[in-house]
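Residues per chain are reported as follows:
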Amino acid sequence: VYKRQHQLQASQMSAIRVLKEKLDSEDVELIREELEKVHKVFKVVGALEVLVKKCEEFVQNEVQNIKDELIEAMNDFENPNHLDRLEVAISKAWHLLHPAEEKLLNKASAIEKELEHLRDITKQVENLNQTTIAEIKSFKKPNIIQNCFKIASNINQNETKRMQN
């Protein structure tokens, strides 16, 4: 009994050491994985319980911060670097929030696709020469302008439908 109890105490001390290392790394995914192992193997009491609670709180705060940053990035329409900021926020959030926040991640991805589309259209417009722009401006009817834009920038049919909507 003493030997078994001593082995259990030694393995708990080892778990505490490993969990502290993971917490020091501040890598949320590594901490989550280690917490899963600890909950499967040990009765979480005493010093281990205190450390587990600290790790769980850290993970919860980090996940919430990443979620908040994603939401802010999604709504940052005034920022000229909106797409860049959103891409970074999505990449940080994807592994930590999926699948629990799948709807939020899907919405962020949809905004990202729309911003990419706007970026592509902007590049196409920027590539129009001054003569073409002057010709488009001279037309009175929007249909003619849209047709000229389609021709001048070689927009495919899907993009044209989006533009008309």
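In case you missed it, the structure is sitting above this.
Everything in this summary refers to the structure shown in the same document. (Residues numbered from 1 in each chain as written. Predicted model: local features only at pLDDT ≥ 70, side-chain atom pairs only at ≥ 80, totals over all residues. Heavy atoms only, no water.)

Quick word on the packing of helix 1 (residues 2-25) against helix 3 (residues 46-74)
Each pair of packed helices gets described by two things: the angle between the helix axes and the distance between those axes. Stated formally: Axes here mean lines fitted to C-alpha atoms, for a helix over just the part in contact, with angles spanning 0 to 180 degrees between N-to-C directions. The helix and strand labels rest on DSSP assignments: H or I over at least four residues marks a helix, E over at least two residues marks a strand, and numbering proceeds from the N terminus. Here is the rule for angles: anything less than 35 degrees is roughly parallel, anything more than 145 is roughly antiparallel, 65 through 115 is roughly perpendicular, and the remaining ranges are oblique. Crossing handedness follows the turn of the near helix against the far one: under a right angle anticlockwise gives a left-handed crossing, and clockwise gives a right-handed one. Whether two residues are in contact is decided by their heavy atoms, any of which lying within 4.5 Å being enough. Lys, Arg, Asp and Glu make up the charged group, whereas Ala, Val, Leu, Ile, Met, Phe, Trp, Tyr, Cys and Pro make up the nonpolar group; the residues left over, Gly among them, are polar.
Between helix 1 and helix 3, the least distance of the axes is 10 Å, while the angle of their chain directions is 20 degrees. Relative to helix 3, helix 1 is oriented roughly parallel. Of the two elements, helix 1 crosses helix 3, and the hand of that crossing is left-handed. Mapping the contact onto sequence places Q12, A15, I16, L19, K20 and L23 in helix 1 and A47, L48, L51, V52, K54, C55 and F58 in helix 3. Classifying every residue of the contact of helix 1 with helix 3 by side-chain character gives ten nonpolar, one polar and two charged.

Let's talk about the side chain of H82
Rules: Exposure classes here rest on a 1.4 Å probe applied to the protein chains alone. A residue is buried below 20% of its type maximum, exposed above 50%, and partly exposed in between. Side-chain atoms alone can form a polar contact between residues adjacent in sequence; in general such a contact is a pair of N or O atoms within 3.5 Å, and within protein one must be able to donate a hydrogen while the other accepts it.
Note on placement: H82 falls in helix 4 (residues 82-97). Note on H82: relative accessible area 3%, which makes it buried. Here the side chain of H82 touches A73 through a polar contact of 2.7 Å, landing on its backbone oxygen. A polar atom in the side chain of H82 sits 3.5 Å from the backbone oxygen of D76.

Overview of unusual backbone geometry
Look at the link from H98 to P99: it is a cis peptide, with omega at 5 degrees. Along the chain, P99 falls in the loop between helix 4 and helix 5 (102-126). Residues other than glycine seldom take positive phi values, yet E26 does so here, at roughly 60 degrees. Along the chain, E26 falls in the loop between helix 1 and helix 2 (28-41). Overall, E26 belongs to the exposed group, its relative accessible area being 54%.

Describing helix 1
Rules: A helix is expected to span 1.5 Å for every residue after the first.
If you check helix 1, its first and last C-alpha atoms are 35 Å apart, about what 24 residues at 1.5 Å a residue would give, namely 34 Å. Here the buried face of helix 1 lies against helix 2 and helix 3. Count one or two residues on from helix 1 and you reach E26, which has phi positive near 60 degrees.

Things to note about the nonpolar core
What counts is decided by this rule: By nonpolar core we mean a set of buried residues, namely Ala, Val, Leu, Ile, Met, Phe, Trp, Tyr and Cys, connected to one another through side-chain atoms within 4.5 Å.
In this structure, L19, L48, L70 and L86 are the most contacted members of the largest nonpolar core, which totals 32 residues. Ranked by residues supplied to this core, first place goes to helix 3 with eleven residues. Leave out the neighbours within four places in its chain, and L86 touches L70, A73, M74, A108, I111, E112 and L115.

Re the packing of helix 2 against helix 3
In contact at an axis separation of 10 Å, helix 2 and helix 3 are set at 145 degrees when each is read in the N-to-C sense. Judged by the twist between their axes, the crossing of helix 2 over helix 3 is left-handed. Between helix 2, through V28, I31, R32, L35, V38 and H39, and helix 3, the contact on the second element is made entirely by L48, V52, C55, E56, F58, V59, E62 and V63. For the contact of helix 2 with helix 3, the class distribution of residues is ten nonpolar, one polar and three charged.

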